[in-house]
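# Residue-level structure breakdown
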Amino acid sequence: MNSINEVEILNKRRKFLINFAYYTLIVILFCLFLRYAFQPLLPLFIASFLAIVLQKPVNLITKKTKIPKGIVSVIMVFVVIGVVAAIVALVGSRLITELTGFVDYIRLKLMDYNWIEAQVYSIVEVLPNFIKSSLLPTINTTLENLENAMAADAASGVYKFGISEFDVGSFISNRIPDVINTAKQIPSIMVAIIICVITSCFMTAEYDILAKAIRDNLPGGPNNIISTTKRVLMTSVWKLLKAYLLIMCCTCVEMLIGLSIFKALGIFSSNYIVAIAIFSAVFDILPILGMGAILWPWAIVSMFTGNIPLGIALIILYFVITVIRQIIEPKLVAGQMSLPPALTISVMYIGLKTFGVIGMFAFTIALYCLKVLDSEGVIHLFNHTNDSSFEAVKENTLEKKEGEA
């Protein structure tokens with residue numbers, strides 16, 4: 001009996017080590033892919049994505065107009081690229097203009113000692129008396145030192161605490177390597193764009209031929225691993241991305257309307273409403289974080305600095321956005337597969353520390369894709385033997401495959 005238990009324990013350990021090594025290898029390969037292959041292959045990924053997305057409209061137009069698919073594909077690719085470029089140019093130019101103005105505004109405020117002093121004392125004023133009495137001596141000393149330092153900066157023309165002037169020669173010399181590196185990348189960027197456009201046209205026009213070649217040369221026929229993965233991801237992940245893009249647009253519009261109303265009421269005086277709305281909408285789609293990470297600190301700081309009406313208005317705006325999102329999100333993201341918050345935050349942090357912002361999004365999307373593929377039975381990362389819902393989903397997926405075949 002003991003020997004049987006020992007064998008079972010050894011088998012479990014062996015299975016654990018094999019699984020650990022297998023998943024570790026997958027993570028390492030994924031990291032190597034992001035580090036070395038993602039950027040060079042990005043034009044091909046974009047071309048493949050465009051080819052898949054444009055298949056239905058291209059086939060429909062070809063069927064209705066009898067125009068050759070190659071011509072329709074080229075026209076549709078250029079139309080999509082033109083529309084995206086126009087949107088990016090319009091939004092980007094407005095955003096850059098507002099961000100530049102906002103940076104100048106912050107720069108002027110950081111050079112204004114009276115403004116800094118007023119903000120500090122407005123925050124201290126709302127603190128309890130026992131905290132205020134203990135902090136005031138330190139704050140007074142710090143502000144006095146800051147005032148002397150800023151006065152010395154103004155007298156010498158070398159601004160350590162302000163951002164008014166700088167050594168032009170030193171600034172230019174320090175930026176020369178960056179300018180040279182950017183100039184070196186321009187030809188490769190242009191080549192990548194040209195390859196992306198040409199490949200998109202060919203892939204869109206010859207998508208059926210490429211799909212047939214994959215089906216004929218991989219085991220499983222129409223239900224091979226690549227076709228199944230593409231089908232699952234396009235029906236799940238793509239719908240999810242479209243839904244959250246619409247939610248992001250709704251949030252942006254809500255922020256624009258809310259901040260415009262606040263400005264009309266005289267409780268908000270910034271001229272950078274568009275930049276704030278776009279940044280908030282992008283931040284809102286980040287997992288775990290959301291609008292609360294922006295509006296609540298902003299509201300609290302506004303109240304501490306004496307602008308109580310704006311603080312209350314921001315809290316009301318937060319609840320309005322939250323309620324609207326709770327209404328529209330279940331309808332747009334029906335059947336969304338939730339991810340464990342702790343795992344999501346860990347994956348986001350690892351991706352951010354390893355590959356920056358791209359890694360944060362890439363790791364999160366990869367985690368969601370793995371969850372979808374596992375639940376649909378394409379891969380098997382978790383034990384679903386006792387999960388009747390998983391079996392039902394798997395049976396439905398197999399029935400769909402057989403019907404498409």
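Heads up: these notes are all about the structure in this document. (Residues numbered from 1 in each chain as written. Predicted model: local features only at pLDDT ≥ 70, side-chain atom pairs only at ≥ 80, totals over all residues. Heavy atoms only, no water.)

On to the overall build of the chain. A count of helical and extended segments in the chain gives 13 helices and 0 strands. Mapped in sequence order, the helices and strands of the chain form the string α-α-α-α-α-α-α-α-α-α-α-α-α. Within the chain, buried positions represent 28% of all 405 residues. Of the contacts formed within the chain by residues at least 6 apart in sequence, a portion of 59% connects residues at least 24 apart. For the chain, the accessible area works out to roughly 26,100 Å², and carbon and sulfur atoms hold 71% of it. (Helix = DSSP H or I, 4+ residues; strand = E, 2+ residues; numbered from the N terminus. Buried < 20%, exposed > 50% of the residue type's maximum accessible area, 1.4 Å probe, protein only. Contact = heavy atoms within 4.5 Å. Areas by Shrake-Rupley, 256 points an atom, 1.4 Å probe, with all protein chains shown as cover.)

Turning our attention to the packing of helix H9 (residues 273–284) against helix H10 (residues 292–304). Interaxial distance between H9 and H10 falls to 9 Å at its minimum, and their mutual angle equals 130 degrees. As summarised for this structure, H9 and H10 are arranged oblique, according to the angle between their axes. Counted together, Ile276, Phe279, Ser280 and Phe283 of H9 and Ala293, Ile294 and Trp298 of H10 form the full contact between these two elements. (Axes fitted to C-alpha atoms, helices over the stretch in contact; angles between N-to-C directions. Parallel < 35°, antiparallel > 145°, perpendicular 65-115°, else oblique.)

So, on to the side chain of Thr62. Relative to the helices and strands, Thr62 resides in helix H2 (residues 55–65). Judged by its relative accessible area of 18%, Thr62 falls in the buried class. In this view, Thr62 contacts Ile67, Lys69 and Val72; residues no more than four positions away in its chain are not counted.

We now examine the packing of aromatic side chains. Tallied over the full model, the rule gives 8 aromatic pairs. With a centroid separation of 6.2 Å and 20 degrees between ring planes, the pair formed by Phe16 and Phe20 is classed as stacked. Pair noted here: Phe16 and Phe20 are both in helix H1 (residues 2–53), with a separation of 4 residues, about one helical turn. Neither residue differs from the other here; Phe16 and Phe20 are each classed as exposed. On the basis of an interplanar angle of 90 degrees and a centroid distance of 6.1 Å, the ring pair of Trp296 and Phe319 is categorised as edge-to-face. Here Phe319 lies in helix H11 (residues 308–332) and Trp296 lies in helix H10, a separation of 23 residues in the sequence. (Phe/Tyr/Trp six-rings, centres within 6.5 Å; stacked < 30°, edge-to-face > 60°.)

The next thing to look at is the state of the cysteines. Taken as a whole, this structure holds 0 disulfides when the rule is applied. The thiol of Cys250 is not disulfide-bonded; the next cysteine sulfur, from Cys249, is found 7.0 Å away. For Cys250, a relative accessible area of 27% corresponds to the partly exposed category. Free of any disulfide, Cys252 has its nearest cysteine sulfur in Cys249, 7.2 Å distant. (Disulfide = S-S within 2.5 Å.)

Before going further, it helps to examine helix H4 (residues 113–125). Its 13 residues give H4 an end-to-end C-alpha distance of 18 Å, which sits within 8% of 18 Å, the value for a rise of 1.5 Å per residue. Taken together, the buried positions of H4 are occupied by Tyr113, Ile116, Ser122 and Val124. (Expected span 1.5 Å × (residues − 1).)

All right, on to the environment of Val347 then. Within the secondary structure, Val347 sits in helix H12 (residues 341–375). Taking the C-alpha atoms as reference points, Val347 and Leu367, separated by 20 residues in sequence, lie 8.0 Å from one another. In this structure, Val347 is in contact with Phe363, Thr364 and Leu367, ignoring residues within four places of it in sequence.

This part takes up the pattern of salt bridges. Tallied over the entire structure, the rule returns 1 salt bridge. Residues Lys69 and Asp208 are paired through a salt bridge, measuring 3.1 Å at the closest nitrogen-oxygen approach. In this pair, Lys69 sits in helix H3 (residues 69–111) while Asp208 sits in helix H7 (residues 207–217), placing the two residues 139 residues apart along the sequence. Overall, the relative accessible area of 16% leaves Lys69 in the buried class. (Salt bridge = Lys/Arg side-chain N within 4 Å of Asp/Glu carboxyl O.)

Once that is clear, we can look at the nonpolar core. One finds Met255, Leu259, Phe262, Phe268 and Leu295 to be the most contacted residues of the largest nonpolar core, which totals 23 residues. When contributions to this core are tallied by element, the ones reaching two or more residues are helix H8 (225–265), H9, H10 and H11. Discounting chain neighbours no more than four positions away, the residues touching Phe262 are Ile267, Phe268, Leu310, Ala313, Leu314 and Leu317. With 7 residues, the next largest nonpolar core counts Val124, Ile139, Leu146 and Met150 among its residues. (Core = buried A, V, L, I, M, F, W, Y, C linked by side-chain atoms within 4.5 Å.)

Here we come to the environment of Tyr207. Looking at the secondary structure, you find Tyr207 in helix H7. With near-sequence residues (within four places) excluded, Tyr207 lies in contact with Ala51, Ile52, Gln55 and Lys230.

Attention now moves to a nonpolar patch on the surface. A cluster of nonpolar residues, Ile67, Ile71, Ile75, Val79, Val83, Ile87, Leu90 and Val91, forms a patch on the protein surface that exposes about 700 Å² of accessible area. With respect to the helices and strands, the residue Val91 is situated in helix H3. (Patch = residues over 30% accessible without salt bridge, like charges linked within 9 Å, V, L, I, M, F, W, Y side chains within 5 Å.)

Although it is not a glycine, Lys66 sits at a positive phi angle of roughly 65 degrees. With respect to the element layout, Lys66 can be found in the loop between H2 and H3. The exposure class of Lys66 is exposed, given its relative accessible area of 67%.

Remember, this is a structural readout, not a statement about activity or role.
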